[in-house]
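# Overview (structure and organization)
Residues per chain, in single letters:
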Amino acid sequence: MLQPARRKYRKEFRGSMGGVATRSTMLSFGEYGIKVEECGWLSANEIESARRTITHATKRVGKFFLRVFPHKPIGHKTPGARMGSGKSDVSGYVAVVKPGQILMELSGVSRELAAEAIRLAGHKLSVKTKFIAKDND
């Protein structure tokens, strides 16, 4: 699972979700990509599941580029916990994504294969995504 090696502070505020992405909005490394269409958090499990789906669908042909990293710690309180008593311990990490951000890129495969692999990977993610290609950004 993806997670930071070290952190200066163990816990972090939740933050506010809004706005559009200002960086990593264009294809930089590959010919095809998966672009986010809404704000949200992607857990490390979701990112890994989508990565494995693309790798499996392309049969490890071509080159894969991952453009997001789960750097934000989140915690979950137990189901029976009462209100208050502070934050819970860190239970995992998420990547904050905004509309227009590129999540993953592919190169060295046909357009049909890339479209199918990215469609399958999109089902693993909790945000709405779309397939993009270099020729029609």
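Since this is a predicted model, take the numbers as computed values, not measurements.

What counts as what
Residues numbered from 1 in each chain as written. Predicted model: local features only at pLDDT ≥ 70, side-chain atom pairs only at ≥ 80, totals over all residues. Heavy atoms only, no water. Helix = DSSP H or I, 4+ residues; strand = E, 2+ residues; numbered from the N terminus. Expected span 1.5 Å × (residues − 1). Contact = heavy atoms within 4.5 Å. Axes fitted to C-alpha atoms, helices over the stretch in contact; angles between N-to-C directions. Parallel < 35°, antiparallel > 145°, perpendicular 65-115°, else oblique. Left-handed = near helix turned anticlockwise from the far one by under 90°. Buried < 20%, exposed > 50% of the residue type's maximum accessible area, 1.4 Å probe, protein only. Arc of directions from axis to C-beta. Phe/Tyr/Trp six-rings, centres within 6.5 Å; stacked < 30°, edge-to-face > 60°. Salt bridge = Lys/Arg side-chain N within 4 Å of Asp/Glu carboxyl O.

## Observations concerning the environment of G18
Mapped onto the elements, G18 comes out in the segment before β1 (32-36). Between the alpha carbons of G18 and T129 there is a distance of 17 Å; along the sequence they are 111 residues apart.

## Observations regarding helix α1 (residues 44-57)
Over its 14 residues, α1 runs 20 Å from end to end, which matches the ideal 20 Å to within 8%, given 1.5 Å per residue. Check the buried side of α1 and you find it contacts β2 (40-43), β3 (63-66), β5 (90-97), β6 (102-107) and α2 (111-122). Two residues or fewer after α1 comes K59, characterised by a positive phi angle close to 55 degrees.

## Thoughts on the packing of α1 against α2
Between α1 and α2, whose axes approach to 8 Å, the crossing angle comes to 150 degrees. Considering the angle they form, α1 stands roughly antiparallel to α2. Crossing geometry of α1 relative to α2 is assigned as right-handed. Packed against α1, whose contacting residues are A50, T53, I54 and A57, the element α2 presents L113, A117, I118, L120 and A121 at the interface.

## Brief notes about α2
Spanning twelve residues, α2 covers 16 Å between terminal C-alpha atoms, matching the ideal 16 Å at 1.5 Å per step. Along α2, the residues that are buried comprise A114, A117, I118, A121 and G122. For α2, the arc enclosing every buried residue in end-on projection is 135 degrees, short of the 170-degree limit, so these residues lie on one face. Elements in contact with the buried residues of α2: β1, α1, β6 and β7 (129-133).

## With respect to the packing of aromatic side chains
Within this structure, the stated rule accounts for two aromatic pairs. Ring plane angle 20 degrees and centroid distance 5.8 Å describe the contact between Y32 and F131, whose orientation is recorded as stacked. A residue pair is termed long-range when its members are at least 10 positions apart, and Y32 in strand β1 and F131 in strand β7 qualify at 99 residues.

## Quick look at the pattern of salt bridges
Under the counting rule described, the total for this entry stands at seven salt bridges. E12 is the partner of K72 in a salt bridge, and the nearest nitrogen-oxygen pair spans 3.1 Å. Residue K72 is found in strand β4 (residues 72-75), and its partner E12 is found in the segment before β1; the two are separated by 60 residues along the sequence. A relative accessible area of 30% means that E12 is categorised as partly exposed. Close ionic contact of R119 with E116 constitutes a salt bridge, the shortest N to O distance being 2.8 Å.

The values are spatial; any link to function lies outside them.
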